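One-letter residues, chain by chain:
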Amino acid sequence: MPETFTGWVARDPNSPLTHEPFTPKPFEDTDIEVQISHCGICGSDIHTIRSGWAPADYPCVVGHEIVGTAVRVGSKVTPPTPDDTVIKPGDRVGIGAQCSSCLKPDCEACADGEESYCPKIVGTYNSRFPDGSKAYGGYANRWRGPGHFVFKIPEQLRSEEAAPMLCGGVTVFAPLRRFGAGPGKRVGIVGIGGLGHMGLLFAKALGCDSVVAISRSSAKKADALGSEGGGQGLGADTFIATGEDKNWAKRHARSLDLIICTVSGENMPLSGYLRLLKRNGTFVQVGAPEEPLPALRAFSLIQKGVKITGSNIGSPADIRAMLRLAAEKGVRAWVQTRPMDEVNLALAEMHEGKARYRYVLETGGKVGKL
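Residues numbered from 1 in each chain as written. Predicted model: local features only at pLDDT ≥ 70, side-chain atom pairs only at ≥ 80, totals over all residues. Heavy atoms only, no water.

**Comments concerning the confidence of the model for the protein chain**
Next, step 1: Put simply, the protein chain has an average pLDDT of 94, and 96% of its residues get 70 or more.
Next, step 2: Within the model, pLDDT remains below 50 along residues 365–370, and this stretch shows 17 contacts once partners closer than five positions in the same chain are excluded. (pLDDT = per-residue confidence, 0-100. Contact = heavy atoms within 4.5 Å.)

**A few points about the domain arrangement of the protein chain**
Next, step 1: Each assigned domain of the protein chain is listed with its residue range as follows: domain 1 (5–167 + 334–362) and domain 2 (168–310).
Next, step 2: When each unit is reduced to the centre of its C-alpha atoms, the spacing between domain 1 and domain 2 is 28 Å.
Next, step 3: Tallying the contact residues gives 15 residues for domain 1 and 21 residues for domain 2.
Next, step 4: Carbon and sulfur atoms make up 51% of the area that domain 1 and domain 2 hide from each other, which totals about 1,400 Å².
Next, step 5: The tally of links from domain 1 across to domain 2 stands at two salt bridges.
Next, step 6: A salt bridge links Arg178 to Glu114; its shortest N-O distance comes to 2.9 Å. (Domains from an automatic or database assignment. Buried area = accessible area lost by both parts, 1.4 Å probe. Salt bridge = Lys/Arg side-chain N within 4 Å of Asp/Glu carboxyl O.)

**Structural notes on the environment of His38**
Next, step 1: Structurally, the position occupied by His38 is in strand 3 (residues 31–40).
Next, step 2: Sequence separation of His38 and Gly94 is 56 residues, and the distance between their C-alpha atoms is 9.3 Å.
Next, step 3: Apart from residues no more than four positions distant in its own chain, His38 is found in contact with Glu65, Ile66, Val67, Ser159, Glu160, Val360, Leu361 and Glu362.
Next, step 4: Side chain to side chain, His38 and Ser37 meet in a polar contact 2.8 Å long.
Next, step 5: Side-chain polar atoms of His38 contact the side chain of Glu362, separated by 3.2 Å. (Helix = DSSP H or I, 4+ residues; strand = E, 2+ residues; numbered from the N terminus. Polar contact = N/O pair within 3.5 Å; in protein donor to acceptor, adjacent residues only side chain to side chain.)

**A word on empty space enclosed by the protein**
Next, step 1: A complete count under the given rule lists two cavities of 30 Å³ or more for this structure.
Next, step 2: The space that makes up the largest cavity amounts to roughly 50 Å³.
Next, step 3: Every residue lining the largest cavity is listed: Ala97, Gln98, Phe149, Phe151, Leu166, Cys167, Val170, Ile313, Gly314, Ser315, Pro316 and Ile319.
Next, step 4: Considered class by class, the residues forming the lining of the largest cavity number nine nonpolar, three polar and no charged.
Next, step 5: The calculated volume of the second largest cavity comes to roughly 40 Å³.
Next, step 6: In terms of lining residues, the second largest cavity is bounded by Phe5, Phe22, Pro24, Lys25, Phe129, Lys134, Tyr136, Gly137, Arg142, Trp143 and Arg144. (1 Å grid on protein atoms, 1.4 Å probe; cavity = no way out; pocket = protein on both sides within 12 Å on 5 of 7 lines; lining within 4 Å. Points joined across faces, edges and corners; volume = space filled by probe spheres on them. Nonpolar A, V, L, I, M, F, W, Y, C, P; charged D, E, K, R; others polar.)

**Description of a nonpolar patch on the surface**
Next, step 1: A cluster of nonpolar side chains, namely Leu296, Phe299, Leu301, Ile302 and Ile308, defines an oily patch on the protein surface of about 450 Å² accessible area.
Next, step 2: Following the sequence through the fold, Leu296 ends up in the loop between strand 16 (277–285) and helix 9 (299–302). (Patch = residues over 30% accessible without salt bridge, like charges linked within 9 Å, V, L, I, M, F, W, Y side chains within 5 Å. Areas by Shrake-Rupley, 256 points an atom, 1.4 Å probe, with all protein chains shown as cover.)

**Quick look at the layout of surface pockets**
To find leftover empty space, a probe the size of one water molecule is rolled over the atoms.
Next, step 1: Approximately 800 Å³ is the volume found for the second largest pocket.
Next, step 2: Pro146, Gly147, His148, Phe149 and Val150 are, among the 37 residues lining the second largest pocket, the residues nearest its centre.
Next, step 3: Elements supplying a minimum of two residues to the lining of the second largest pocket: strand 11 (150–152) and helix 10 (316–329).
Next, step 4: With five residues, the top contributor of residues to the lining of the second largest pocket is helix 10.
Next, step 5: A class-by-class count of the residues in the lining of the second largest pocket yields 17 nonpolar, eight polar and 12 charged.

**So, the sheet that holds strand 15 (residues 256–261)**
Next, step 1: Within the open sheet, the six strands sit side by side as 14-13-12-15-16-17. Their pairing is parallel. Where the open sheet ends on each side, the last strands, each with one partner, are strand 14 (238–241) and strand 17 (307–310). Adjacent strand axes in the sheet meet at a mean angle of 20°, parallel and antiparallel pairs treated alike.
Next, step 2: Sheet topology places strand 15 next to strand 16; five bridges connect them, and they run parallel. Bridge pairing in strand 16 places Cys261 opposite Gln285.
Next, step 3: Sheet strands in contact with helix 5 (residues 196–205) are strand 12 (186–190) and strand 13 (210–215), and its direction is about 170° off that of strand 13. (Pairing = 2+ DSSP bridges. Axes fitted to C-alpha atoms, helices over the stretch in contact; angles between N-to-C directions.)

And the structure:
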């Protein structure tokens, strides 16, 4: 197997990605190597490339919504559960935003099956393995890393539709699952974009009594609800346009059990969102802004006993559960495919908000050639 991969490399915050070789981590018996066919573009990719959250570890190859074919499987790769079969060469697989954790029995997070909260988490890119080698992502011809974080893709899902679920999808699915979204619950999704559109799809698939789409304008109302001509929408039953209805918070007060917020920004109406919650309701922040969240008055929490929390991607168990649900219920991310060699243009267009609702890069056999 090759010890040099090729990919689209970020070398500083301001220059376009360049196509060049890089050296992956050394292959270990617990690793799987994947020939990449698809990789979704996540907002995290843009934050990292431009060092928005923190200085990036350049050079880096981003991309953590990876689908491809397993081409090499280490001898110590084991099935994730007794009911599963081990991944073998030729299987279609995916990798999300995490590629390693300590997996030690005395680690509370790993022992509880919440590897995404392990203090020794290794991200799929812009991170380092314990031996000091770099983790490189999916804007490349191949990926290599621990088999514990590689997932079989159900045959019912197309690769380009499955890819965005591996980070964006599970980022909204995990808190929906954790906080009991399902029959008897009314759920709101703030932001109808790459994350939010999948939040609506999964809330509907989980059988929530009501799914409410919340956005600044009504520009995406038809997508959320479905067109009047019978076009299939994202699953919302109600739409709230916070920038067009001055009384939205009062009109819909105490109507939701759970809110998943995918947006970020200093000016988002956080206290208004909390007003929508029922007594003991929960607000979950999954959007990760580069700037602080808005200030909040204590009475927004005290008056109804509401809770504000956050959620970090999802565990391997969350990802497997999400993929099963998507296969069973026919959940399909709304994607637009782009050739991998158009990555710089696609990144620019995504940053400008043009994606409806997720760009997915296809290698087409081109990434392996310099």
